[in-house]
Amino acid sequence: MVFKLAKSTPVYNFSKYHHPSITVENGSTIEIETYDCYEDQIQSTDSTYESLDWDKVNPTTGPIFVRGAERGDILVVTIDAIELSDQGVMSVSPGKGVLGDQIEKFETKIIPIRNNKAIFDERLEIPLNPMVGVIGVAPYADPVSNGTPGSHGGNMDNKMITTGTTLYFPVATDGALFALGDLHAAMGDGEVSVTGIEIAGKVTVTFDIIKQVALANPLLETVDKIATIASARTLDEAVKISVADMAKLLQGKINLSFSELTMLFSAVGQTEICQVVDPLMTARFVLPKWVLASYGVESFLGE
Ligand code: CA
Ligand code: ZN
């Protein structure tokens with residue numbers, strides 16, 4: 001059976017103090033409905049900056065208590081499906097995003113979704129790359145606003161977080177308290193305007209738990225790649241953490257010296273930008289799985 005969780009009671013931060021919206025067994029599949037990042041407040045270009053309730057941004061649906069998840073475990077989340085609504089929205093604001101110094105006023109753009117394309121205007125249809133912007137678990141320390149990414153996940157705006165991807169999060173509190181929101185119909189690396197094509201929808205995920213394996217930051221796995229994900233004040237720091245995390249993950253599993261492992265990373269690893277517009281910057285370091293297979297590494301987590 002597939003559980004369903006409606007978007008009716010959104011939350012605005014990741015916190016171990018939240019009361020769960022629903023409790024599910026490990027192994028459960030759940031369809032999670034989400035608002036867009038403006039909590040569906042922008043339905044036409046009549047919306048003004050003043051007409052929006054800015055306390056209602058980046059809502060997530062959850063948190064979900066996954067029975068059996070405890071501090072020190074890893075919550076494994078596989079994205080089975082992403083279903084988008086039929087209309088997305090983008091915006092720009094003065095001072096926000098990479099070109100915010102050149103933006104004079106708040107503007108929005110409504111973008112219909114038809115036949116698996118985002119209709120940008122009468123000349124341009126953009127192929128969709130549906131993805132989940134905000135996804136994670138409760139952090140161990142203070143609550144973290146849904147707008148900020150971190151070692152708990154959160155607003156990573158990582159376009160690899162899409163259908164078929166499996167994520168690994170460090171569990172900090174009983175039940176993990178998983179939540180997600182901020183779907184994008186399409187987004188480019190960097191998210192330079194501060195918005196992807198923001199859209200409401202439904203995400204179906206399946207949970208698993210790996211008991212008592214240490215993980216500093218989120219990881220993801222696709223059919224042919226693994227990636228470490230790190231967020232920091234600067235992109236430089238985020239890159240360094242993501243590469244160092246990959247080294248930590250594979251040292252002792254790939255039988256190479258640290259120097260050789262570093263050379264291997266430099267030869268076949270991709271440093272990629274997730275986003276450069278949130279309170280912390282997010283980078284990922286991506287390795288193809290055939291490298292792991294060549295060294296006989298079957299599982300990159302645990303012993
Ligand atoms: Ca976002
Ligand atoms: Zn977004």
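Rules used in this analysis
Residues numbered from 1 in each chain as written. Chains lettered and ligands numbered in written order. Predicted model: local features only at pLDDT ≥ 70, side-chain atom pairs only at ≥ 80, totals over all residues. Heavy atoms only, no water. Helix = DSSP H or I, 4+ residues; strand = E, 2+ residues; numbered from the N terminus. Rg over C-alpha atoms; globule rule 2.2 N^0.38 Å. Buried < 20%, exposed > 50% of the residue type's maximum accessible area, 1.4 Å probe, protein only. Contact = heavy atoms within 4.5 Å. Areas by Shrake-Rupley, 256 points an atom, 1.4 Å probe, with all protein chains shown as cover. Lys, Arg positive; Asp, Glu negative; His and termini not counted. Charge placed at Lys NZ, Arg CZ, Asp CG, Glu CD. Axes fitted to C-alpha atoms, helices over the stretch in contact; angles between N-to-C directions. Parallel < 35°, antiparallel > 145°, perpendicular 65-115°, else oblique. Left-handed = near helix turned anticlockwise from the far one by under 90°. Nonpolar A, V, L, I, M, F, W, Y, C, P; charged D, E, K, R; others polar. Donors = N, O, S within 2.8 Å, 3.2 Å for Na, K, Ca; no water. Tetrahedral: all angles 85-135°; square planar, octahedral: opposite > 155°, others 65-115°. Domains from an automatic or database assignment. Buried area = accessible area lost by both parts, 1.4 Å probe. Salt bridge = Lys/Arg side-chain N within 4 Å of Asp/Glu carboxyl O. Polar contact = N/O pair within 3.5 Å; in protein donor to acceptor, adjacent residues only side chain to side chain. Pairing = 2+ DSSP bridges.

Could you clarify how one ought to interpret the overall build of the chain in this entry?
On a plain count of helices and strands, the chain comes out with three helices and 22 strands. For 303 residues, the compact-globule estimate of 2.2 N^0.38 gives 19 Å, and the chain sits close to it at 19 Å. Oriented by its inertia axes, the alpha-carbon framework of the chain measures out at about 60 × 40 × 40 Å. Counting the 303 residues in the chain, one finds 52% classified as buried. Restricting the contact set of the chain to residue pairs at least 6 apart, pairs at least 24 apart contribute 76%. Summing over all exposed atoms, the chain offers an accessible surface of approximately 13800 Å²; the carbon and sulfur share of this is 51%. Seen as two clouds, the 22 positive and the 39 negative side-chain charges of the chain have centres 2 Å apart.

So what exactly am I meant to see when it comes to the packing of helix H1 (residues 235-250) against helix H2 (residues 258-268) here?
When two helices pack together, you describe them by how their axes are tilted relative to each other and by the distance separating the axes. Between H1 and H2, the shortest axis-to-axis distance is 11 Å and the interhelical angle comes to 125°. In terms of their interaxial angle, H1 and H2 are classed as oblique. In the crossing of H1 with H2, the sense of the turn from one axis to the other is right-handed. Between H1 and H2, the contacting residues are Val-243, Met-246, Ala-247 and Leu-250 on the first element and Phe-258, Leu-261 and Phe-265 on the second. A class-by-class count of the residues in the contact of H1 with H2 yields seven nonpolar, no polar and no charged.

Any chance you could explain unusual backbone geometry here in plain terms?
It is generally the case that most residues other than glycine have a negative phi and that most peptide bonds are trans. For the peptide bond that leads from Gly-62 to Pro-63, omega is -10°, which places it in the cis range. Along the chain, Pro-63 falls in strand E5 (residues 60-67). The phi torsion at Asn-116 lies on the positive side, around 65°, for a residue other than glycine. Residue position: Asn-116 is located in the loop between strand E8 (107-114) and strand E9 (117-119).

What's the story with the coordination of the zinc ion (ligand 2) in this structure? I'm lost.
Each donor-metal-donor angle would ideally measure 109.5 degrees in four-coordinate tetrahedral geometry, or 90 or 180 degrees in six-coordinate octahedral geometry. The zinc ion (ligand 2) binds to the protein through Asp-182 (OD), His-184 (NE2), Glu-198 (OE) and Glu-198 (OE); the donor distances cover 1.8 to 2.5 Å. Coordination geometry of the zinc ion (ligand 2): the four donor atoms subtend angles of 56 to 145° at the metal centre, consistent with an arrangement described as irregular. Counting the intervening residues between successive donors of the zinc ion (ligand 2) yields the motif D-x1-H-x13-E. Here the zinc ion (ligand 2) and the calcium ion (ligand 1) are spaced 3.3 Å apart, linked through Asp-182, which binds each one. Note that Asp-182 is positioned in strand E16 (residues 178-184) and Glu-198 in strand E17 (residues 198-199), a separation of 16 residues in sequence.

What is the right way to look at the domain arrangement of the chain in this model?
Interface size is commonly expressed as the accessible area that is lost once the parts come together. Looking at the assigned domains, one finds that the chain contains domain 1 (2-88 + 129-210) and domain 2 (219-294). Put simply, the middle of domain 1 and the middle of domain 2, counted by C-alpha atoms, are 23 Å apart. In this complex, domain 1 contributes 22 residues to the contact, which on the side of domain 2 involves 20 residues. The largest share of the area that domain 1 buries against domain 2 comes from Pro-149, Met-160 and Tyr-168, three residues that together contribute 33% of it. The interface formed by domain 1 and domain 2 holds one salt bridge in total. Between Arg-284 and Asp-189 there is a salt bridge; the shortest N-O distance is 3.1 Å. Linking domain 1 with domain 2 are eight residue pairs in polar contact (both at pLDDT 80 or more), by the criterion used here. For the side of domain 1 that touches domain 2, the elements supplying multiple residues, two or more each, are strand E13 (149-150) and strand E15 (166-170).

Looking at this structure, how should I read the sheet that holds strand E21 (residues 270-275)?
Pairing between sheet strands relies on hydrogen bonds along the backbone, with the strands arranged either parallel or antiparallel. The strand order across the open sheet formed by nine strands is E1-E4-E18-E6-E15-E19-E20-E22-E21, and the pairing between neighbours is mixed. Edge positions in the open sheet fall to strand E1 (2-5) and E21, since each of these has one partner strand only. Across the sheet, the axes of successive neighbouring strands diverge by a mean angle of 25°, strand direction being ignored. Summarising the sheet, E1 and strand E4 (residues 29-34) pair through four bridges and their orientation is parallel.

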